[in-house]
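One-letter residues, chain by chain:
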Amino acid sequence: VIGEVLKAYPKDVRHVFKHFPLSFHPLARPGAKAILAAGEQGKYFEMLDALYAIDQDALRDIQKAPKDEQVKKFEDLLEKIAKDLKLNVKKFMKDYKEKDAEWEKIIGQDVATAGQVMVRGTPTFFINGRVTRARTLEQFKQEIDEILKGETPVPVAVNKPTQGVPR
């Protein structure tokens, strides 16, 4: 739906994605790091989309494996995705593993920002600094159109401006 919103409002909407890996999801943090590593080759959102498209049965198979095998199985899947995205797979895996401290810092900043604006789960969407419950294209368009017409007041900044990866 976000892709459709961006197509409908190419000059008026900017998408900023923040990482908020849920602690009960053991592959969320490695997934966030994979997205960041793919971003090093200009494929941030392509990796994001690919991770969201992973077959749920494949994820369950990884999660059913013994804990010490889960990371290896997930990394094997990441290598396949990286290849499918036409990334330099060696560079991707090197960045994924060797830039761990850098990725942890970025993820930590995103999680802190989420805490400041009271994010409790995923997905959480904001439009002009306000949480929205919109989930369909029609719902997003209704809220965006109201803002563009001036029918919805634009709030004062929520805490401080944040960094993000715009699309």
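Throughout what follows, the structure given in this document is the object of discussion. (Residues numbered from 1 in each chain as written. Predicted model: local features only at pLDDT ≥ 70, side-chain atom pairs only at ≥ 80, totals over all residues. Heavy atoms only, no water.)

### Let's talk about the overall build of the protein
- Across its full length, the protein holds eight helices and four strands.
- Traced from its N-terminal end to its C-terminal end, the protein shows the element sequence α-β-α-α-α-α-α-α-β-β-α-β.
- With the C-alpha coordinates aligned to their principal axes, the bounding extent of the protein is approximately 55 × 30 × 30 Å.
- Here the protein, with 167 residues, has 33% of them falling under the buried criterion.
- For the protein, the share of sequence-separated contacts (at least 6 apart) that also reach a separation of at least 24 residues comes to 64%.
- Of the roughly 10700 Å² that the protein leaves accessible, carbon and sulfur atoms contribute 53%.
- The averaged location of the 25 negative side-chain charges in the protein is 2 Å from the averaged location of its 29 positive side-chain charges. (Helix = DSSP H or I, 4+ residues; strand = E, 2+ residues; numbered from the N terminus. Buried < 20%, exposed > 50% of the residue type's maximum accessible area, 1.4 Å probe, protein only. Contact = heavy atoms within 4.5 Å. Areas by Shrake-Rupley, 256 points an atom, 1.4 Å probe, with all protein chains shown as cover. Lys, Arg positive; Asp, Glu negative; His and termini not counted. Charge placed at Lys NZ, Arg CZ, Asp CG, Glu CD.)

### As for the nonpolar core
- Core analysis: the largest hydrophobic core is formed by 28 residues, its most contacted members being Met47, Leu51 and Phe92.
- Where this core is concerned, the elements lending two or more residues are α2 (28-39), α3 (44-52), α4 (56-64), α5 (67-84), α6 (89-98) and α7 (100-116).
- Residue contributions to this core peak at six residues, all from α2.
- Apart from residues lying up to four places away in sequence, leucine 51 is in contact with Gly31, Ala34, Ile35, Phe74, Leu78 and Ile81. (Core = buried A, V, L, I, M, F, W, Y, C linked by side-chain atoms within 4.5 Å.)

### Let's talk about unusual backbone geometry
- The amide bond that connects threonine 122 to the next residue, proline 123, takes the cis arrangement and shows omega of -5°.
- Note on placement: proline 123 falls in the loop between α7 and β2 (125-127).
- Even without being glycine, lysine 86 reaches a positive phi, approximately 60°.
- As for its position among the elements, lysine 86 is in the loop between α5 and α6.
- Despite not being glycine, asparagine 128 has its phi angle at roughly 50°, a positive value.
- Of the residues examined, asparagine 128 reaches a relative accessible area of 39% and is grouped as partly exposed.

### Overview of the packing of α2 against α3
- α3 packs onto α2 with a crossing angle of 150° between their chain directions and a minimal axis gap of 7 Å. Classified by the angle their axes make, α2 and α3 are roughly antiparallel. Read as a crossing pair, α2 and α3 show a hand that is right-handed. Of the residues in α3, those in contact with Gly31, Ala34, Ile35, Leu36, Ala38 and Gly39 of α2 are Tyr44, Met47, Leu48 and Leu51.
- A per-class count over the contact of α2 with α3 returns eight nonpolar, two polar and no charged. (Axes fitted to C-alpha atoms, helices over the stretch in contact; angles between N-to-C directions. Parallel < 35°, antiparallel > 145°, perpendicular 65-115°, else oblique. Left-handed = near helix turned anticlockwise from the far one by under 90°. Nonpolar A, V, L, I, M, F, W, Y, C, P; charged D, E, K, R; others polar.)

### A short note on α6
- Listed as buried for α6 are Phe92, Met93, Asp95 and Tyr96. Each buried residue of α6 lies within a common arc of 160° when the element is viewed along its axis, so the set occupies one face. For α6, the exposed residues lying more than 90 degrees away from the buried face are Lys90 and Glu98.
- Put simply, asparagine 88 is the residue that caps the front of α6, since its side-chain oxygen is 3.2 Å from the backbone nitrogen of lysine 90. (Arc of directions from axis to C-beta. Polar contact = N/O pair within 3.5 Å; in protein donor to acceptor, adjacent residues only side chain to side chain.)

### Concerning the packing of α3 against α5
- The N-to-C vectors of α3 and α5 enclose an angle of 125°; their axes lie 11 Å apart at closest approach. With respect to α5, the axis of α3 lies oblique. Here α3 runs over α5; the crossing is right-handed. Of the residues in α5, those touching α3 at Met47, Ala50 and Leu51 are Phe74, Leu78, Ile81 and Ala82.
- Of the residues assigned to the contact of α3 with α5, the class counts are seven nonpolar, no polar and no charged.

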